[in-house]
Amino acid sequence: DVAPPPSLYGPVATFLAWNRIPARAVVGALSYLSFPLIISLLDDATQNVEGDTLTTLVNTFLPGVSIVLGTYFSLTLSILYDRLSRMQRTVSSEASLLAVAFLNLMDLFHDDPDAAVEGAQCVADQIATLVR
């Protein structure tokens, strides 16, 4: 199972964890609802600024912010891709080990069909857990 471990702080903390849908919905809703307020505050703050000063401010501030946010986005994608790659390698390794375990079980219990079925069921249960 590749799900994150449960929270030590109870079901409410697990429900509102940063990687769950409710927390993401709250962040998205707050961002969406706070945007008009932020624009209004910035409009009030820059209303008395002359056009050339505002242009200079934007021209010096915007490239730096773009680089920082681009780097943050790139780092996030890199971390997620590495995590996905590790999970794929782990699943592939576990699947091959299960195949070897199954072959060893069949070889070990070739004279006892009931034990072979029970061993194969254990491997099948692990495969069901793996693909869940």
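It should be noted that the structure appears before, not after, this text.
Criteria and cut-off values
- Residues numbered from 1 in each chain as written.
- Predicted model: local features only at pLDDT ≥ 70, side-chain atom pairs only at ≥ 80, totals over all residues.
- Heavy atoms only, no water.
- Helix = DSSP H or I, 4+ residues; strand = E, 2+ residues; numbered from the N terminus.
- Rg over C-alpha atoms; globule rule 2.2 N^0.38 Å.
- Buried < 20%, exposed > 50% of the residue type's maximum accessible area, 1.4 Å probe, protein only.
- Axes fitted to C-alpha atoms, helices over the stretch in contact; angles between N-to-C directions.
- Parallel < 35°, antiparallel > 145°, perpendicular 65-115°, else oblique.
- Contact = heavy atoms within 4.5 Å.
- Nonpolar A, V, L, I, M, F, W, Y, C, P; charged D, E, K, R; others polar.
- Patch = residues over 30% accessible without salt bridge, like charges linked within 9 Å, V, L, I, M, F, W, Y side chains within 5 Å.
- Areas by Shrake-Rupley, 256 points an atom, 1.4 Å probe, with all protein chains shown as cover.
- Salt bridge = Lys/Arg side-chain N within 4 Å of Asp/Glu carboxyl O.
- Lys, Arg positive; Asp, Glu negative; His and termini not counted.
- Charge placed at Lys NZ, Arg CZ, Asp CG, Glu CD.
- Expected span 1.5 Å × (residues − 1).
- Bend = angle between axes of the 7 residues up to and from the residue.
- Arc of directions from axis to C-beta.

S.K.: Looking at this structure, how should I read the overall build of the protein chain?
M.R.: Each helix and strand in the protein chain was counted, giving four helices and zero strands. Starting at the N terminus and walking to the C terminus, you meet the elements of the protein chain as α-α-α-α. Its C-alpha atoms give the protein chain a radius of gyration of 27 Å, more than 25% over the compact-globule value 14 Å for 132 residues. Over its C-alpha atoms, taken along the principal directions, the protein chain stretches across nearly 90 × 30 × 20 Å. The buried share of the protein chain, reckoned over its 132 residues, is 7%.

S.K.: Looking at this model, I keep getting lost on the environment of Tyr32. Mind explaining?
M.R.: Checked against the element boundaries, Tyr32 lands in helix α2 (residues 21-45). It is 29 Å that separates the C-alpha atoms of Tyr32 and Gly10, two residues lying 22 residues apart in sequence.

S.K.: Please clarify how the packing of helix α3 (residues 51-108) against helix α4 (residues 113-131) should be interpreted in this entry.
M.R.: Each pair of packed helices can be described by the angle between their axes along with the distance between the axes. One way to put it is that α3 packs onto α4 with a least axis distance of 9 Å and a crossing angle of 175 degrees. Here α4 runs roughly antiparallel to α3, going by the angle between their axes. Residues Val91, Glu94, Ala95, Leu98, Phe102, Leu105 and Met106 of α3 form the contact with α4, whose own contacting residues are Ala116, Gly119, Ala120, Val123, Gln126, Ile127 and Leu130. Its residues placed into classes, the contact of α3 with α4 shows 11 nonpolar, two polar and one charged.

S.K.: Is there a simple way to think about a negative patch on the surface in this case?
M.R.: A surface patch of like charges, here negative, comprises Asp111, Asp112, Asp114 and Glu118. Looking at the secondary structure, you find Glu118 in helix α4. Given the relative accessible area of 57%, Glu118 is considered exposed.

S.K.: So what exactly am I meant to see when it comes to α2 here?
M.R.: The periodicity of an α-helix, 3.6 residues per turn, causes residues three or four positions apart to be oriented the same way. Compared with the 36 Å implied by 1.5 Å per residue over 25 residues, the 35 Å span of α2 between its first and last C-alpha is a close match. Taken as a whole, α2 carries its principal kink of about 35 degrees at Ser34; the proline Pro36 stands between one and four residues after it.

S.K.: I'm lost on α4 in this one. Help?
M.R.: Taking 1.5 Å of rise per residue, the 19 residues of α4 would be expected to cover 27 Å, and the 27 Å separating its terminal C-alpha atoms lies within 8% of that figure. The set of residues buried in α4 consists of Ala115, Ala116, Gly119 and Val123. Down the axis of α4, the sector holding all buried residues measures 105 degrees, keeping them to one side. Facing away from the buried side of α4 by over 90 degrees, the exposed positions are Pro113, Asp114, Val117, Glu118 and Val131. Against the buried residues of α4 lie α3.

S.K.: Which parts of the structure should I look at to understand a nonpolar patch on the surface?
M.R.: Together, Phe35, Ile38, Ile39 and Leu42 line one region of the surface with nonpolar side chains, adding up to about 390 Å² of accessible area. Ile38 sits in the partly exposed class, given a relative accessible area of 43%.

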